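The residues making up each chain are set out below.
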Amino acid sequence: MTRLMLGRTLERICKGVLLLCLLHFLIMMILYFDVYSQRFDLFSRFNNGRNGSRNNGSGATGSGHHFYYYNISRPNSTSASFLAAGKQAGPSVRPQTNQAPSPKPLPPCPENPPGLVGRLLIEFSSQMTMERVQRENPNVTEGGRYTPPDCRPRWKVAIIIPFRHRENHLKYWLHYLHPILRRQKIDYSIYIINQLGDDTFNRAKLLNVGYTEALKDGEYNCFIFSDVDLIPMDDRNLYHCYEQPRHFAIAMDKFGFRLPYAGYFGGVSGLSKKQFLKINGFPNEYWGWGGEDDDIYNRITLNGMKVSRPDVRIGRYRMIKHERDKHNEPNPQRFNKIQNTKNTMKKDGISSLTYRLVQTKRYPLYTNISVEIGKPPPRPFRG
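Residues numbered from 1 in each chain as written. Predicted model: local features only at pLDDT ≥ 70, side-chain atom pairs only at ≥ 80, totals over all residues. Heavy atoms only, no water.

### Overview of the state of the cysteines
Across all of its chains, the model carries two disulfides by this definition. Between Cys109 and Cys151 runs a disulfide, and the two sulfur atoms are separated by 2.0 Å. Judged by the sign of its S-S torsion, about 85°, the bond between Cys109 and Cys151 is right-handed. Of the two residues, Cys109 is situated in the loop between helix H2 (79-89) and helix H3 (130-136) and Cys151 in the loop between strand E1 (145-146) and strand E2 (156-163); the sequence distance between them amounts to 42 residues. Take Cys109 and Cys151: they sit in the same class, and that class is buried. The side chain of Cys222 participates in a disulfide bridge whose partner is Cys241; the two sulfur atoms lie 2.1 Å from each other. A torsion of 90° about the S-S bond marks the disulfide between Cys222 and Cys241 as right-handed. Of this pair, Cys222 sits in strand E4 (residues 222-226) while Cys241 sits in the loop between strand E5 (230-232) and strand E6 (246-247), and the two are 19 residues apart along the sequence. (Disulfide = S-S within 2.5 Å. Helix = DSSP H or I, 4+ residues; strand = E, 2+ residues; numbered from the N terminus. Buried < 20%, exposed > 50% of the residue type's maximum accessible area, 1.4 Å probe, protein only.)

### Side note on the environment of Leu357
With respect to the helices, strands and loops of the structure, Leu357 is situated in strand E10 (residues 356-362). For Leu357, a relative accessible area of 35% translates into the label partly exposed. The spatial distance from the C-alpha of Leu357 to the C-alpha of Ser370 is 6.5 Å, given a sequence separation of 13 residues. The residues touching Leu357, leaving out its near neighbours within four places in the chain, are Glu213, Ile369, Ser370 and Val371. (Contact = heavy atoms within 4.5 Å.)

Here you go:
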């Protein structure tokens, strides 16, 4: 009885060992064929890719680049083995899973920025310094530049100011305009065009110089021309370009907040690059005070354009009171010149501009461009 039980036990042990051997054999065969199939798959894909490049002459994409595809989803495959195989078979291909997502494009800036406050209190009695203005505008970069960080503006604006001996006015202008322009979500830069010397002042020629020098500095498509003593009283008066040439300063306090006459185009105006070139820029031969704004208005209308203006309640401006500058006396020839705009605008303008650039200097709040623009021609002798 004991022998019989011992025999059955040995029989069971033998069967168990045989089953274990069979199971081990099956596992080894599975692993063997698995590894063999991977090698065969890799070899065949490499040959196919190489043969394809030979046959097509331009690889899988037909663009001169060879792309090899590997199956990295197998449980025995790793990123390291994949990269090692890639170095042997073709160009290195990095896994896409760890790449940082590309930044989303900025949305366009709204036509009516939500941060505008409307009517502003403008006063010139408090003491103003450049240091104070700089502290108030930390986001303005060197040269008086600013671009909205959260949206994409339609216009890249160069603001051009004709200038001579108006340092105190400039402090107030920068104090008020930088915050206004930032709230308006405008990509802008400020250029002060400083006429050197004591010869007769020429506002329009300085504006032509500003246009020319600004384009050397950036790809501007909008130009706003502003006197340094005019401050807007409402930030809804948006400083960008429009479908037609724009007159911003339509209601100054010195005129009782009314437009002085229908053809007035003085103070602050704006033209796109296309509009500016269409009228050949501004006249260069208005030396002294007056007349150039009316000539510009004539150029606009003679070229089939119309002047656009904001609502009179929005286009209000305060002027910093001052005495008339020396060497900027009223131009006695202005009335005759205005009547001849049609005959002179093609030959007198941006196409005939001459000047000498002396210095360009970038300050924290603006770019100063100092130039020599010559002297007025001698007046004809009256016998």
